[in-house]
Amino acid sequence: MKNDKLYAVITGDIVDSSKLTSSQRSRLLSALKSSFNTIDDMIPDGIHASFEIHRGDSFQGVLTKPDTAFRAAIAIRASLRHGFKTKQRRYALDARIAIGIGSIDFLPAGRGSEGDGEAFRRSGQTLDEMKGDQRLIIRTPWREVDAELDIECALLDALINRWSGEQAQAILGQIRGLTQEKAAKEFGVSQPAVRQRLKSAGGWAIEKLCHRYEQAIREKEAQRLIINNNKHRSL
């Protein structure tokens, strides 16, 4: 199935999952599945291979729209943080996520776990090499984009580490495209409460990071398309 199209492969695992109790593991699965449903709703025509959970604490999915991968990763992490409220934020549940952007050579019947290609290799290798407190890394076909995204992902990690469960819920609503009024109704709180949670969580900065990521990927995709079209015409 190899072609010029770019995909985003999202591979992740849960941080310190071995420390979870049986009941916490059940909540983990529920939170993960909820985040995957959120992604389905956000980009209904952008899922190439549905997210699958492996060994209880690892997951993978394939998106046909690489520019949506950043918001998808945030949705997963916000869902986990909201689903596991803790008194001390340093104990909040989180995931390590690696996003690989590139072509796909092989994907049988839409099963991401059996796929192969640039996007899969970038995602898998990046997750294996992730160190320390890194929680999100993105690898693309463009080194200058990777260098910029390394900084932006580090800033995102710093923001997420400060979120309470309520703030994570507010960010998740923002990522889903809910207005503050709709979020307040769904969460059972006032609109000013949602506004304050978004402000404390750095919601405005999250939006700027999302827009910058989307802009960078779309610009590179457009350039790639022009180059490929010129190559085809010269043949």
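The coordinates are above.
Everything numeric in this text was worked out from a predicted model, so none of it was measured. (Residues numbered from 1 in each chain as written. Predicted model: local features only at pLDDT ≥ 70, side-chain atom pairs only at ≥ 80, totals over all residues. Heavy atoms only, no water.)

### Quick look at the sheet that holds strand β4 (residues 95-102)
Consideration 1: Taking strand neighbours across the sheet as the criterion, the five strands line up as β2-β3-β1-β4-β5 in an open arrangement whose pairing is mixed. The open sheet has two edge strands with one neighbour each: β2 (47-54) and β5 (136-139). The average undirected angle you get between the axes of adjacent strands in this sheet is 10 degrees.
Consideration 2: Note that strand β1 (residues 7-14) and β4 share eight bridges and pair antiparallel. Bridging from a neighbouring strand, T11 pairs with A98 of β4.
Consideration 3: Its contacts with the sheet place helix α1 (residues 22-42) against β1, β2 and β3 (58-63), and it is angled at close to 175 degrees to β2. (Pairing = 2+ DSSP bridges. Helix = DSSP H or I, 4+ residues; strand = E, 2+ residues; numbered from the N terminus. Axes fitted to C-alpha atoms, helices over the stretch in contact; angles between N-to-C directions. Contact = heavy atoms within 4.5 Å.)

### Regarding the packing of helix α6 (residues 180-187) against helix α7 (residues 191-201)
Consideration 1: Closest axis-to-axis distance for the α6/α7 pair is 8 Å, and the angle between their directions is 105 degrees. Classified by the interaxial angle, the pair formed by α6 and α7 is roughly perpendicular. For the pair α6 and α7, contact is made by Q180, E181, A183, A184 and F187 and by Q191, V194, R195 and L198, respectively.
Consideration 2: In terms of residue class, the contact of α6 with α7 is built from five nonpolar, two polar and two charged. (Parallel < 35°, antiparallel > 145°, perpendicular 65-115°, else oblique. Nonpolar A, V, L, I, M, F, W, Y, C, P; charged D, E, K, R; others polar.)

### Here's the deal with the side chain of D146
Consideration 1: With respect to the helices and strands, D146 occurs in helix α4 (residues 143-160).
Consideration 2: In this structure, D146 is in contact with I138, R139 and T140, ignoring residues within four places of it in sequence.

### Considerations on the pairing of β1
Consideration 1: Of all eight residues in β1, eight are buried, a share of seventy percent or more.
Consideration 2: By the alternation rule, side chains of β1 split into Y7, V9, T11 and D13 and A8, I10, G12 and I14, which are all buried.
Consideration 3: When β1 meets β3, the two strands line up antiparallel, connected through six bridges. Bridge pairing in β3 links D13 to S58. (Buried < 20%, exposed > 50% of the residue type's maximum accessible area, 1.4 Å probe, protein only.)

### Details of the pairing of β4
Consideration 1: Most of β4 is tucked away: seven of the eight residues are buried.
Consideration 2: Sheet topology note: the β4/β5 ladder contains four bridges and is parallel. Bridge pairing in β5 links A98 to I137.

### Considerations on the pattern of salt bridges
Consideration 1: Across all of its chains, the model carries 14 salt bridges by this definition.
Consideration 2: Its salt-bridge partner being K65, residue D45 comes within 3.1 Å of it at the nearest N-O pair. Within this pair, whereas D45 is found in the loop between α1 and β2, its partner K65 is found in the loop between β3 and α2 (69-83), the two being separated by 20 residues in sequence.
Consideration 3: Relative accessible area serves as the criterion here: at 56%, D45 is assigned to the exposed category.
Consideration 4: What makes K65 partly exposed here is its relative accessible area of 31%.
Consideration 5: Where K220 meets E144, a salt bridge forms, and the shortest distance between an N and an O atom there is 2.5 Å. Taken together, the residues K220 in helix α8 (residues 203-234) and E144 in helix α4 connect sequence positions 76 residues apart.
Consideration 6: Residue E144 is classed as partly exposed on the basis of its relative accessible area, which comes to 47%.
Consideration 7: Because the salt bridges share partners, they merge into one network encompassing R71, E207 and E214. (Salt bridge = Lys/Arg side-chain N within 4 Å of Asp/Glu carboxyl O.)

This is a description of form; function is not addressed.
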